Amino acid sequence: MSIKSFIKSKQFLLHLGLIIFTFGFLVYGALLTLKVYTNHGELLSIPDFTGFTEQEASVVAKTFKLRYHINDSLFVPDVVPGSIVSQTPATGSRVKEGRMVYLTISAMAPEKVLLPMVVDVSFREAQGRLLNAGLRLGKVDYRPSEFINLVLESRLHGQLLPNDTMLIKGTAIDLVVGKGLSNEKTLVPDLFGFFYVDARETLYNISLNTGALIYDESVLNAKDTLNARIWKQNPAYSTSRYFELGVSVDLWFTVNEEKLVEPTVVEPENFDNHQENTEVEVLEF
């Protein structure tokens, strides 16, 4: 039998019909199964989870045939700790059965972060470090300094912040930034016997800055560092030498009481009047 005759035969047409029917049946069955599996056309409305505890949210999710996941915690003042404060998808969203709902829960206490090193870096770099740490930039004060746009201090409510301070996430940090030297001039105060914090505040109030901090061999640990006092400074104290605003003063610290016996310093202009009658100890820096 020729191919042309076979194609026109009833046997071929019968097999062709069976193949087409079987293929159509399989396609229809697959689509029907997919529809049932995915609940095609059946959408649920997301309930409002806010204000619920996690245990209550679990019951609600089960009732609505949804799944949930606590993916974040956030401290919110005046909100009961452990309660839901936000959700994704939002309340009222139409979703399929079994959809995952992501919940944010109120933290028991504010999250704290470590203050990054923002002093002695550029203002732009300090901004980036604060942002990356989860902190905000507060007020920016510009002070005379030898270095333009260099961060000189970080403060919170007017108080200096040590580098290892733990702060509530989102806290605004004030920065003191250098703006170059001023034409104005001032005397360098006598800082002998001062603790670091007091010396820095004294210099700050007259628009001078702290420079290098040098601790002698008597300073052995953190406690000694806190108790150390200034026994030498550069520029030295003088009642006749004036310096531009923003100049840095280097400070030497010790806990050795022998170094903390204040020497007698005679100004150059008065030295001739004293040298005949007084044995003078001149402090050299």
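Analysis parameters
Residues numbered from 1 in each chain as written. Predicted model: local features only at pLDDT ≥ 70, side-chain atom pairs only at ≥ 80, totals over all residues. Heavy atoms only, no water. Helix = DSSP H or I, 4+ residues; strand = E, 2+ residues; numbered from the N terminus. Buried < 20%, exposed > 50% of the residue type's maximum accessible area, 1.4 Å probe, protein only. Contact = heavy atoms within 4.5 Å. Areas by Shrake-Rupley, 256 points an atom, 1.4 Å probe, with all protein chains shown as cover. Pairing = 2+ DSSP bridges. Axes fitted to C-alpha atoms, helices over the stretch in contact; angles between N-to-C directions. Polar contact = N/O pair within 3.5 Å; in protein donor to acceptor, adjacent residues only side chain to side chain.

Turning our attention to the overall build of the protein chain. Scanning the protein chain from terminus to terminus reveals seven helices and 16 strands. Relative to its 285 residues, the protein chain shows a buried fraction of 32%. Expressed as a percentage of contacts within the protein chain between residues at least 6 apart in sequence, the contacts between residues at least 24 apart total 70%. Of the accessible surface of the protein chain, which amounts to about 18,700 Å², a share of 57% is contributed by carbon and sulfur atoms.

Glancing now at the sheet that holds strand S13 (residues 209-215). Strand order in the open sheet formed by three strands is S13-S16-S14, with mixed pairing between adjacent strands. In the strand order of this sheet, the two ends are held by S13 and strand S14 (229-234), each with one partner. The sheet shows a mean angle of 30° between the axes of neighbouring strands, taken without regard to direction. With five bridges connecting them, S13 and strand S16 (residues 248-254) associate as parallel partners. Opposite Leu213, over in S16, you have Leu251 as the bridge partner. Here helix H5 (residues 196-205) sits on the sheet in contact with S13, S14 and S16, set at roughly 155° to S13.

Read from one edge to the other, the open sheet built from three strands follows the order S2-S5-S3, with strand pairing classed as mixed. Edge strands, defined here as strands with exactly one partner in the open sheet, are strand S2 (67-74) and strand S3 (84-88). In this sheet, neighbouring strand axes are inclined to one another by 25° on average, regardless of whether the strands run parallel or antiparallel. Sheet topology note: the S2/strand S5 (residues 100-106) ladder contains seven bridges and is parallel. Residue pairing in the sheet places Arg67 in a bridge with Met100 of S5.

Quick look at unusual backbone geometry now. Here the bond from Thr88 into Pro89 is cis, since omega is 0°, no more than 30 degrees from zero. For Pro89, the position within the fold is in the loop between S3 and strand S4 (94-95). Along the chain, Asn234 connects to Pro235 via a cis peptide bond; the corresponding omega equals 5°. Looking at where Pro235 falls in the secondary structure, it is placed in the loop between S14 and strand S15 (242-244). Phi is positive for Asn149, which is not a glycine, with a value near 65°. By secondary structure assignment, the location of Asn149 is in the loop between strand S7 (136-143) and strand S8 (151-156). Take Asn149: its relative accessible area is 40%, and that puts it in the partly exposed class. With phi around 55°, His157 is a residue other than glycine that occupies positive phi space. The exposed category is assigned to His157, whose relative accessible area is 70%.

Looking now at the environment of Gln87. Tracing the chain through its elements places Gln87 in strand S3. Note: C-alpha distance between Gln87 and Ile46 (41 residues apart in sequence) is 9.9 Å. Among residues more than four places away in sequence, those in contact with Gln87 are Ile46, Pro47, Asp48, Phe49, Thr50, Val101, Tyr102 and Leu103. A distance of 3.1 Å separates a polar atom in the side chain of Gln87 from the backbone oxygen of Pro47. Of note is the side chain of Gln87, whose polar atom sits 2.7 Å from the backbone nitrogen of Phe49.

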